[in-house]
Amino acid sequence: MVSFQPTLNQFIRARQQEYPEAVGDFSQVMNAIALAGKLISREINLAGIVDATGYTGRMNVQGEEVAKLDEWANELIVDLLGETGCVCVMGSEEVEGPISPPGSASMGRYAVLFDPVDGSSNIDIAAPVGTIFSAQRRVTESGTGHMDDLLQPGRNQAAAGYILYGSSTMFVYTTGNGVHAFTLDPTMGEFHLTTEDLKFPDKSNVYSTNEGNAGTWLEPDQRWVEWLKQNDPATGRPYSARYIGALVADFHRILLKGGIFAYPGNTAKREGKLRLLYECSPLAFVAEQAGGRATNGLRRILDIEPTGLHQRTPYYLGNASEVELVERFHSDG
Ligand code: P6P
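As a starting point, this report considers the structure included with it. (Residues numbered from 1 in each chain as written. Predicted model: local features only at pLDDT ≥ 70, side-chain atom pairs only at ≥ 80, totals over all residues. Heavy atoms only, no water.)

## Here we look at the overall build of the chain
Note the cut-off: A run of DSSP states H or I qualifies as a helix once it reaches four residues; a run of E qualifies as a strand once it reaches two. Both are numbered from the N-terminal end. Note on method: radius of gyration uses C-alpha positions; expected globular size equals 2.2 Å times residues raised to 0.38. Relative accessibility thresholds used throughout: buried, under 20% of the residue-type maximum; exposed, over 50%; partly exposed, between the two (1.4 Å probe, protein chains only). When charges are tallied, Lys and Arg are placed among the positive residues and Asp and Glu among the negative ones, while His and the ends of the chain are skipped. In plain terms, the charge of a residue is placed at NZ if it is Lys, CZ if Arg, CG if Asp and CD if Glu.
When helices and strands are tallied, the chain shows 8 helices and 14 strands. For the chain, the C-alpha radius of gyration of 19 Å lies close to 20 Å, the compact-globule estimate for 333 residues. Projecting the C-alpha coordinates of the chain onto the three principal axes gives extents of approximately 60 × 50 × 45 Å. When each of the 333 residues of the chain is scored for burial, the buried share is 56%. The averaged location of the 41 negative side-chain charges in the chain is 4 Å from the averaged location of its 27 positive side-chain charges.

## Examining the sheet that holds strand β13 (residues 293–295)
Operational definition: The criterion for strand pairing is that DSSP finds at least two bridges linking the strands in question. Here, two residues are considered to be in contact whenever any of their heavy atoms come within 4.5 Å of each other. Lines fitted to C-alpha atoms define the axes, with helix axes restricted to the stretch in contact, and inter-axis angles between N-to-C directions lie between 0 and 180 degrees.
Within the open sheet, the 5 strands sit side by side as β11-β10-β12-β14-β13. Their pairing is mixed. Two strands close off the open sheet at either side, each with one partner strand: β11 (240–241) and β13. Note that strand β10 (residues 206–208) and strand β12 (residues 260–263) share 2 bridges and pair parallel. Paired with Y207 across the bridge in β12 is I260. The strands touched by helix α5 (residues 219–229) within the sheet are β10, β12 and β14 (315–318), with β10 carrying the most contacts at an inclination of about 145°.

## Focus on the nonpolar core
Note the following rule: Here, nonpolar core refers to any group of buried Ala, Val, Leu, Ile, Met, Phe, Trp, Tyr and Cys residues whose side-chain atoms link them within 4.5 Å.
Membership of the largest hydrophobic core comes to 43 residues, with the highest contact counts inside it found for I40, L81, F171 and Y173. For this core, the leading source of residues is helix α2 (residues 25–45), giving 9 residues. Contacts of L81, omitting those with residues within four sequence positions, involve V29, A32, I33, V87, M90, V112 and F114.

## Focus: helix α6 (residues 247–257)
Counting buried positions along α6 yields 9 of 11 residues, so the element is predominantly enclosed. Taken as a whole, α6 has its buried residues at L247, V248, A249, D250, F251, H252, R253, I254 and L255. Downstream of α6 by one or two residues, G258 has phi in the positive range, about 90°.

## With respect to the side chain of S120
With respect to the helices, strands and loops of the structure, S120 is situated in the loop between β4 (110–118) and β5 (129–137). Once residues within four sequence positions are removed from consideration, S120 is found in contact with A67, D70 and V129.

## Some words on the site of the ligand
Where we set the bar: Any residue with a heavy atom positioned within 4 Å of a molecule or strand is treated as near that molecule or strand. Within 3.5 Å is the distance limit for a polar contact, defined as a pair of N or O atoms, with the added protein rule that one can donate a hydrogen and the other accept it, and that residues adjacent in sequence qualify only through two side-chain atoms. Shrake-Rupley sampling with a 1.4 Å probe provides the accessible areas, and residues are treated as covered by the protein chains on show and by no other component. Classes in brief: Ala, Val, Leu, Ile, Met, Phe, Trp, Tyr, Cys and Pro nonpolar; Asp, Glu, Lys and Arg charged; the others, Gly included, polar.
Residues in contact with the ligand amount to 13 residues; listed here are only the nearest, D118, N210, Y243, L247 and Y263. Between the ligand and K273, the relevant distance is 3.0 Å, taken from an oxygen atom to a side-chain nitrogen or oxygen of the residue. Here the ligand loses 80% of its free accessible area of 400 Å² to cover by the protein chains. Residue composition of the shell around the ligand, by class: 6 nonpolar, 3 polar and 4 charged.

## Observations regarding the pattern of salt bridges
When the charged atoms of two side chains with opposite charge come close together, those side chains can pair. Quick reminder of the rule: By definition here, a salt bridge exists when the distance from a side-chain nitrogen of Lys or Arg to a carboxyl oxygen of Asp or Glu is within 4 Å.
Going through the model one piece at a time under the given rule, you end up with 17 salt bridges. Put simply, R15 and E196 hold a salt bridge, and the shortest N to O gap is 2.9 Å. Of this pair, R15 sits in the loop between α1 (8–14) and α2 while E196 is found in the loop between β9 (190–195) and β10, placing the two residues 181 residues apart along the sequence. Residue classification places R15 among the buried positions, given a relative accessible area of 15%. Across the pair R275 and E93 runs a salt bridge whose closest N-O atoms are separated by 2.6 Å. Here R275 is found in the loop between β12 and α7 (276–289), whereas its partner E93 is found in the loop between β3 (87–92) and β4, with 182 residues between them in sequence. Three or more residues are tied together by salt bridges with common partners; here these are R155, E288, R300, D303 and E305.

## Considerations on the side chain of S41
You can see S41 is positioned in helix α2. Here S41 falls in the buried class, since its relative accessible area comes to 3%. In this structure S41 touches Y165, T169 and L184, once residues within four positions along its chain are discounted.

## Brief notes about the pairing of β9
As judged from the 5 bridges shared by strand β8 (residues 179–185) and β9, these two strands associate in the antiparallel manner. Considered in β9, the bridge of L184 is made with F191. The loop that links β8 with its antiparallel partner β9 comprises 4 residues; one of these, G189, has a positive phi angle of about 70°.

So, to be careful, I would describe these as geometric facts and stop short of saying anything about function.
Laid out in structure tokens, this is it:
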């Protein structure tokens, strides 16, 4: 028998027992996201040639400039998920309110949230970007989905993950039974299994944060980052700093090499920059399944009860020991 690593589709099909209620719907949702990832990967890799760099001139609900690829990828994901008939409602970083699939397609079992192209400002410099997704089982009985289907705590997630468009294109997801990573073979247009049940390495003295903001951070975060930089070889300090400015790429490095990612709040914006539902919760689910932790400095990210589609949260994510260290700085006040 010819040996090759299973494709994403084969892997999901072989593990159908993890989500028996899905009767194939879950596979359709994941395949739609995977197809979007393949098409976005191609567009990104040709960005400078197909005029996919640059901005639309419009601002999104976040007050951020909308890159051409943000808009294109958002429309692509909405269309691909909508036509599965398995999604009752969607939430996107690029769209202010809930998105209903057309017609009867809105009767699906899943509510899906996503950031179509996270870190899109990196595209113009050919640096890594990513897509982040989160699938929740609907909580409303039937018919078109509703904001209630989207505003669920992260601990309810049926699945979550990301697609990293870097030196290779990776699809990483969890359904609560470990974290599994796949690499795209662009010559075949297939994601093949790279790592099953991926876990954080035990320890790593790397921190990833935009330290240019440290002057506006709250005092516990300032004390934490100064502690990391002190010269004390016995405790592995000073730590090394690594920051790409794209959450998916910064997180993927930490997942494989260890460390901690932090986007704290500051004196002006206590909730920080990153969005709970389609950035922080999905990666928190992945991190916990890989043996790590994700908090807002005091509380588990997955236990935060959302009140708004685009609400933000301070965010600390990575090795459990590193996140616990930050929490000690916060609990010491
Ligand atoms: P800053 C990208 O805009 C993003 O949402 C995340 O991908 C990234 O971690 C963060 O913002 C970068 O923000 O303020 O450091 O440029």
